[in-house]
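These are the residues of each chain, in order.
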Amino acid sequence: MGNLLCRFMSKLETGVVGSFMKTADPAFVEVAGYAGLDFAILDLEHGPNSIYQIQNLVRAAEIAGIAPIVRVPELSESVISSAIDVGALGLQVPQVETADDVKEAIRAARFYPKGNKGVCRFVRAAKYSAMNRDLYFQEVNEIPVICQLEGTAALENIDEILSVEGLGVIFIGPYDLSQSLGVPGRIMDPRVQAAMEAIVAKAERYNIKVGTFVDDMESLRFWKQRGVKYLAYSVDVGIFSDACRDIVNCFAEL
């Protein structure tokens, strides 16, 4: 954990960029790390992976020096605990709507006195018990909890959510947000942008970092310039698809 987590948290202060990973192939994670991305979101919500496969993706991330963030499929104490046990350096929790949701996620991801995560040192994150137990407990309690805000309910409860002690980052899901605002898929619609900019402004007042998903360079620049620090650029399979399409288009023009 140590150095990789410290480096990621330090860079988060000025801004980090990464990508979602939906394949079960560790090579994609390694490639992303060697290319210089800061983090990889290993996806258990919309990807085909199991927790067994995630641990190998985490290993690949550590080899390539890229922070492994695990997006769990739901707000579940057991799933959050398992993701930490295999070595996640960040927990991304979807469909967070209330302050109580945030508190529950933090409790599940923290050892006493900050939470109630189940204790077992015979896990990969603790080097299968070779790691000093006190250091292990301390490092787990420093892993960022990233809460995804994706609907109007979260917007209505934004002040209470941002007030929760221990919240690391809020992540705005633009596609789900666009659907809840009645413009599904139109993530650059003025209504979606206005809602997101309002969240960014409020988060700044609470000293909470903001993240979001983008899938083109224009959106990446737009949100970086507006102070978003945790930027997830597209998805591994989408990036590969775009690159293949560019090759086809270039070949057709020859």
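This text follows the structure it describes.
As the structure is a prediction and not an experimental result, all values here were calculated from the model. Every residue gets a number counted from 1 within its own chain, in the order that chain's sequence is written. The model is predicted, so local features are restricted to residues of pLDDT at least 70 and side-chain atom pairs to those at 80 or more, both for listing and for counting; the totals for chains, interfaces and linings are taken over all residues. Hydrogens and water molecules were not included; the side-chain quantities draw on all heavy atoms of the structure.

1. Some words on the packing of aromatic side chains
- Planes of paired rings set the category: under 30 degrees apart is stacked, over 60 is edge-to-face and the rest tilted, where pairs are Phe, Tyr or Trp rings (Trp by its six-membered ring) whose centres lie within 6.5 Å. Inspection of every chain in the model, using the stated rule, returns 11 aromatic pairs.
- Ring geometry for F111 against Y136: centres 5.6 Å apart, planes inclined by 65 degrees, an arrangement best described as edge-to-face. A residue pair is termed long-range when its members are at least 10 positions apart, and F111 in the loop between α5 (99-109) and α6 (133-140) and Y136 in helix α6 qualify at 25 residues. With respect to class, F111 is no different from Y136; both count as buried.
- Taken together through their ring pairs, the aromatic side chains of F8, F20, F39, F171, Y175, F213 and Y230 make up a single cluster.
- Two limits define a charge over a ring: the Lys NZ or Arg CZ must be within 6 Å of the ring centre, and within 35 degrees of the ring normal. The residue whose ring lies beneath R226 is F222, and the NZ or CZ to ring-centre distance is 3.5 Å. A run of H or I in DSSP counts as a helix once it spans at least four residues, and a run of E counts as a strand once it spans at least two, with each numbered from the N terminus. For every residue, the accessible area obtained with a 1.4 Å probe (protein chains only) is divided by the maximum for its type, and the residue is called buried under 20%, exposed over 50%, and partly exposed between those limits.

2. Focus on the environment of P184
- Among the secondary structure elements, P184 is positioned in the loop between α9 (174-180) and α10 (190-205).
- A relative accessible area of 55% means that P184 is categorised as exposed.
- Along the chain, P184 and A99 lie 85 residues apart, while their C-alpha atoms are 26 Å from each other.
- A contact between two residues is defined here by any heavy atoms of the two lying within 4.5 Å. Not counting chain neighbours up to four residues away, the residues in contact with P184 comprise S178 and Q179.

3. Observations concerning the pairing of strand β2 (residues 39-43)
- Within β2, 5 of the 5 residues are buried, which leaves the element mostly enclosed by the surrounding structure.
- Every second residue of β2 is oriented toward a common face, with F39, I41 and D43 on one face and A40 and L42 on the other, all of them buried.
- The criterion for strand pairing is that DSSP finds at least two bridges linking the strands in question. Pairing of strand β1 (residues 16-21) with β2, which is carried by 4 bridges, proceeds in the parallel orientation. By the bridge assignment, M21 is partnered in β2 with L42.
- On the question of chirality, the crossover connecting β1 to the parallel β2 by way of helix α2 (residues 26-35) is right-handed.
- Where β2 and strand β3 (residues 67-71) come together, 5 bridges link them in parallel fashion. Directly across from I41, in β3, lies its bridge partner I69.
- Looking down the strands as they point away from you, a crossover is right-handed if its path from the first strand over the helix to the second goes clockwise. Tracing the backbone out of β2, into helix α3 (residues 51-64) and back to the parallel element β3 gives a crossover that is right-handed.

4. Things to note about the sheet that holds strand β6 (residues 169-172)
- Taking strand neighbours around the barrel as the criterion, the 8 strands line up as β1-β2-β3-β4-β5-β6-β7-β8 in a closed arrangement whose pairing is parallel. Each neighbouring strand pair of the sheet contributes to a mean axis angle of 25 degrees, computed without reference to strand direction.
- All axes here are fitted lines through C-alpha atoms, helices being fitted over the stretch that makes contact, and every angle between N-to-C directions spans 0 to 180 degrees. Where helix α12 (residues 236-253) meets the sheet, it contacts β1 and β8 (230-235), and its direction lies at approximately 55 degrees from that of β8.

5. So, the pattern of salt bridges
- Salt bridges are counted wherever a side-chain nitrogen of Lys or Arg sits within 4 Å of a carboxyl oxygen of Asp or Glu. This model, assessed by the stated rule, comprises 11 salt bridges.
- Residue K209 pairs with E13 through a salt bridge whose shortest N-O separation is 3.4 Å. Of the two residues, K209 sits in strand β7 (residues 209-214) while E13 sits in the loop between α1 (2-12) and β1, which places them 196 residues apart along the sequence.
- Relative accessible area serves as the criterion here: at 15%, K209 is assigned to the buried category.
- Its relative accessible area of 48% is what places E13 among the partly exposed residues.
- Ionic pairing is found between K202 and D159, a salt bridge with its closest N-O pair at 2.6 Å. A residue pair is termed long-range when its members are at least 10 positions apart, and K202 in helix α10 and D159 in helix α8 (residues 158-162) qualify at 43 residues.
- What emerges from the salt-bridge pattern is a single network uniting K22, D43, E45 and R71.

6. Examining the packing of helix α4 (residues 77-85) against α5
- Here α4 crosses α5 at 45 degrees, and the two axes come no closer than 8 Å. Considering the angle they form, α4 stands oblique to α5. Note that α4 runs across α5; the crossing there is right-handed. Side by side, α4 and α5 meet where E77, I80 and I84 of the first sit next to A105, A108 and A109 of the second.
- By the convention adopted, Pro, Cys, Tyr, Trp, Phe, Met, Ile, Leu, Val and Ala count as nonpolar, Lys, Arg, Asp and Glu as charged, and the other residues, Gly among them, as polar. Partitioning the contact of α4 with α5 into residue classes produces 5 nonpolar, no polar and 1 charged. With respect to orientation, any angle under 35 degrees is reported as roughly parallel, any angle over 145 as roughly antiparallel, any angle of 65 to 115 as roughly perpendicular, and every other angle as oblique. Should the near helix be turned anticlockwise from the far one by less than a right angle, the crossing is left-handed, and should it be turned clockwise, the crossing is right-handed.

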